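Chain residues, written in single-letter form:
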Amino acid sequence: MLDHGAAPPATDPSASPSPGPGLGARLMRRKPVDQLVAEGGRGEGGALRRSLSMWQLTMISIGATLGTGIFVVLGEATPLAGPAVAVSFVLAGLTALFSALSYAELAGAVPVSGSSYSYSYATMGELVAWICGWCLILEYGVSVAAVAVGWGEYLNELLDGTIGVTIPASVSAPLGEGGLINLPALVVVLLAMVFLMGGAKESARINTAMVVVKIATLLLFCAIGFLGIKAGNYTPLAPLGVTGISAAAATLFFSYIGFDAASTAGEEAKNPKRDLPRAIMLSLLIVTVLYCLVALVAVGAMPWQDFEGTEAALARIMHDVTGHSFWSVVLAAGAVVAIASVVFAVLYGQTRILFAMSRDGLVPKVFARVNPRTGAPRANTVIVSLFCGALAAFIPLGELANATSIGTLFAFALVNVAVVILRRTRPDMPRTFRVALFPVTPVLGFLFCAWMMVSLPGVTWAVFGGWMAAGLVFYFLYGHRRSRLHPAEK
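All figures in this text were calculated on a predicted structure; none of them were measured in a lab.

With that settled, consider empty space enclosed by the protein. Over the atoms, a rolling probe the size of a water molecule traces out where space has been left empty. A full pass over the atoms with the stated rule returns one cavity of 30 Å³ or more. As a volume, the largest cavity reaches approximately 50 Å³. If you trace the largest cavity, you find it lined by Ile60, Ala200, Ser203, Ala204, Asn207, Phe344, Ala345 and Tyr348. Counting residues per element, the ones that place at least two in the lining of the largest cavity are α9 (200-225) and α13 (325-359).

As structure tokens, this is what we get:
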């Protein structure tokens, strides 16, 4: 006979576990700022070493930025904007400035290697962080390939001016541009890989030397090119109107990617909270001034129509102004060093972003493996270098530059959103740098990035859409399940 007054039998908790968080909650899970900072430098089997000074951080950002737009993309942007290409540089620089201010605040508050990926993880959740990280792979990884393509052009100028030979088109141009493989582009990426495997401190010394050489080269160009300026070359100022200036600015924004490279070194800086904001702002100022100065001299010394299809425009101007090949050879030699330093510094940034993503479980662990002797993620460096080298060897420059620009703009837009969210959610958090005119400045940064993205051609958006779709597939099949935040919620 049943005892209706008896208490019901106890339930075994393990028999019916409470449901875990839903999909939406898992996609929005955030990584606490304190945890991000506490894990700084830790990798698989070793740790990154804090050895970089403020000067070296600044040189990393300048190394990753200065040279790309002037030595390579200037030949593509000038036919769009005409003599007003200097205005396009200013517009692109202004867009970069708004985002740089947000980067500087976040770098001082969250000094880790993941750059905008880590900032997004702390403020907007895992899915947005993944999207940002995937864009950074496009920004850094693909830009390495794009810059390496232009390196071969100046190498040919140097070889022709010194020993009278050039590399055959079949092995110095990618498919679709008259060749089978761009061997010089592949070589410069592999050389950068070798240097990076020595560790951050040694890499920083090499980068600093290369940056000094390229700044000296650009100042030499300005001094000589100034002698060839013709006032008539500045008219009409904007032959294709505001639309042309805007389109050129969107293309030239590619030249500014890299000013945030210092933020990827957050776990290898001696005093990141103090030095990262300073390095970001100082590098952007130096780069913008040099870009505008060189652009003004270049379009004054050569008619804007003659830039069409010229990827080694500065060397040509030096030859035309002096009538001698010597100075163009000097500039070509400087450009070879300058563009190599961009490849070097941007490749460094890419490996550190993947290091942070790997530590969070979103990409395979091999990217977070640190060599205990050098303190460098060697396997990461080799994998990224081979991938970028293959892109450089087989993909034309134009498509690479535009694809990189849209990925960069998207990531920068997220940084401007992240700085607003972190101000609201952690108002009392210590900050060594604060965005001026908050929240107007980050809002303008977001709007400028959106404007630049809209100015890019439809084919670039199609490539970007395909890239993002592939990234989301990878995330849901791999990263979402293996995230280090996932087990904590079981």
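In terms of nonpolar packing, the biggest core is built from 152 residues, with Val85, Phe89, Val110, Tyr154, Phe221 and Leu314 touching the most fellow members. For this core, the element with the most residues is helix α7 (residues 126-162), which contributes 21 residues. Discounting chain neighbours no more than four positions away, the residues touching phenylalanine 221 are Phe226, Val294, Val297, Ala298, Leu314, Ile317, Met318 and Leu331.

With that settled, consider helix α17 (residues 458-482). With 25 residues, α17 extends 35 Å from end C-alpha to end C-alpha; this agrees with the ideal 36 Å at 1.5 Å per step. The largest bend in α17 is about 50°, located at tyrosine 475. By the burial criterion, the buried members of α17 are Thr460, Phe464, Trp467, Met468, Gly471, Tyr475, Gly479 and His480.

A separate point is the packing of α9 against α13. Following both chains from N to C, one finds α9 and α13 inclined at 145°, their axes separated by 8 Å at the closest point. In the packing of α9 onto α13, the handedness of the crossing is left-handed. Looking at the contact of α9 with α13 residue by residue, the class counts come to 17 nonpolar, five polar and two charged.

Let us now look at the packing of aromatic side chains. One pass over the full model with this rule turns up 20 aromatic pairs. Taken together, a centroid distance of 5.3 Å and an interplanar angle of 55° make the contact between phenylalanine 98 and phenylalanine 448 tilted. With a gap of 350 residues between them, phenylalanine 98 in helix α5 (residues 85-109) and phenylalanine 448 in helix α16 (residues 440-455) connect regions that are remote in the sequence. Given the relative accessible area of 13%, phenylalanine 98 is considered buried.

Procedures and definitions
- Residues numbered from 1 in each chain as written.
- Predicted model: local features only at pLDDT ≥ 70, side-chain atom pairs only at ≥ 80, totals over all residues.
- Heavy atoms only, no water.
- 1 Å grid on protein atoms, 1.4 Å probe; cavity = no way out; pocket = protein on both sides within 12 Å on 5 of 7 lines; lining within 4 Å.
- Points joined across faces, edges and corners; volume = space filled by probe spheres on them.
- Helix = DSSP H or I, 4+ residues; strand = E, 2+ residues; numbered from the N terminus.
- Core = buried A, V, L, I, M, F, W, Y, C linked by side-chain atoms within 4.5 Å.
- Buried < 20%, exposed > 50% of the residue type's maximum accessible area, 1.4 Å probe, protein only.
- Contact = heavy atoms within 4.5 Å.
- Expected span 1.5 Å × (residues − 1).
- Bend = angle between axes of the 7 residues up to and from the residue.
- Axes fitted to C-alpha atoms, helices over the stretch in contact; angles between N-to-C directions.
- Left-handed = near helix turned anticlockwise from the far one by under 90°.
- Nonpolar A, V, L, I, M, F, W, Y, C, P; charged D, E, K, R; others polar.
- Phe/Tyr/Trp six-rings, centres within 6.5 Å; stacked < 30°, edge-to-face > 60°.

Remember that the coordinates give geometry; whether it matters functionally is a separate question.
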